[in-house]
Amino acid sequence: IVDGDVSAEVIATDLKGIIKEGEELADLHEQIVVKVPMIRDGVKALKYFSDKGIRTNCTLVFSPGQALLAAKAGATYVSPFLGRLDDISSDGLNLIAEIRLIYDNYDFQTQILAASIRHTMHVIDCAKLGADVMTGPLSSIEGLLKHPLTDIGLEKFLADYKKGN
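Every value quoted in this text rests on a predicted model; they were computed, and no experiment measured them.

Peer 1: Can you walk me through the nonpolar core in this structure?
Peer 2: When a protein is soluble and globular, its nonpolar side chains tend to lie buried together. Val34, Phe49, Val78, Tyr103 and Cys126 are the most contacted members of the largest nonpolar core, which has 39 residues in total. Element by element, the count of residues in this core is highest for helix α5 (residues 92-106), at 6 residues. Discounting residues that sit within four places of it in the chain, Val78 has contacts with Asn57, Cys58, Val61, Ala67, Ala70, Ile99, Tyr103, Thr110, Gln111, Ile112 and Leu113. By size, the runner-up hydrophobic cluster in this structure holds 5 residues, among which are Val33, Phe81, Leu113 and Ala115.

Encoded structure:
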């Protein structure tokens, strides 16, 4: 129904199961990106899928080291969960910055998918830090539209228009 990539998550946590489920998901549609957890067998599966030309999204990433492993294994996307880090008093945005630095240092093609976005400033900050993609609630995106000076300006334009008619 949508344009672009759609992540479909495997449930298995063993290599054989991840590969089986991932291949089944990838066969559903060309837009499917197989979502694989950041675990030992998940990293092995990322490499397998990468070698087979199956696109992947490595999920549940909470450290630069995990993001490095995902990129080395050929993940298409890496999903650092910055909001969940913020929830436990860690700096999720710093994780995005560290991953961007590492990926730029080594020219990794893995895209950073900022996950667990909580609010509009997360969207702005992730964009400034170089995240390639984000996923979050619609409210955080709609918040990008809002600014009090826009509202005041529009009100003034409409008032001026009514005066002229």
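Moving on from the model shown.
Peer 1: Where do I start with a nonpolar patch on the surface in this structure?
Peer 2: A cluster of nonpolar side chains, Met121, Ile124, Leu138, Ile141 and Leu144, forms an exposed patch at the surface whose accessible area comes to about 430 Å². In this structure, Leu138 sits in helix α7 (residues 138-142). On the accessibility criterion, Leu138 (55% relative accessible area) is exposed.

Peer 1: What am I meant to see in the packing of aromatic side chains here?
Peer 2: Aromatic ring pairs: the centre-centre distance and the angle between the two ring planes describe each pair. Applying the stated criterion across every chain, the model contains 4 aromatic pairs. With a centroid separation of 5.7 Å and an interplanar angle of 70°, the aromatic rings of Tyr48 and Phe49 are classed as edge-to-face. Using a relative accessible area of 26% as the deciding quantity, one classes Tyr48 as partly exposed. Judged by centre distance (5.6 Å) and plane angle (80°), the rings of Tyr103 and Phe108 are edge-to-face. Taking relative accessible area as the criterion, Tyr103 reaches 1% and is therefore assigned buried. Residue Phe108 is classed as buried on the basis of its relative accessible area of 18%. Three or more aromatic residues joined by ring pairs form one cluster here, namely Tyr103, Tyr106 and Phe108.

Peer 1: What is the right way to read the environment of Thr59 from this model?
Peer 2: Among the secondary structure elements, Thr59 is positioned in strand β3 (residues 56-61). Looking at Thr59, the relative accessible area reads 1%, which means it is buried. In the structure, Thr59 is positioned 24 residues away from Lys35 in sequence and 6.4 Å away in space, judged by C-alpha atoms. When neighbours within four sequence positions are excluded, Thr59 is seen to be in contact with Glu9, Lys35, Val36, Pro37, Met38, Ser79 and Phe81.

Each value, and the rule that gives it
- Residues numbered from 1 in each chain as written.
- Predicted model: local features only at pLDDT ≥ 70, side-chain atom pairs only at ≥ 80, totals over all residues.
- Heavy atoms only, no water.
- Core = buried A, V, L, I, M, F, W, Y, C linked by side-chain atoms within 4.5 Å.
- Buried < 20%, exposed > 50% of the residue type's maximum accessible area, 1.4 Å probe, protein only.
- Helix = DSSP H or I, 4+ residues; strand = E, 2+ residues; numbered from the N terminus.
- Contact = heavy atoms within 4.5 Å.
- Patch = residues over 30% accessible without salt bridge, like charges linked within 9 Å, V, L, I, M, F, W, Y side chains within 5 Å.
- Areas by Shrake-Rupley, 256 points an atom, 1.4 Å probe, with all protein chains shown as cover.
- Salt bridge = Lys/Arg side-chain N within 4 Å of Asp/Glu carboxyl O.
- Phe/Tyr/Trp six-rings, centres within 6.5 Å; stacked < 30°, edge-to-face > 60°.

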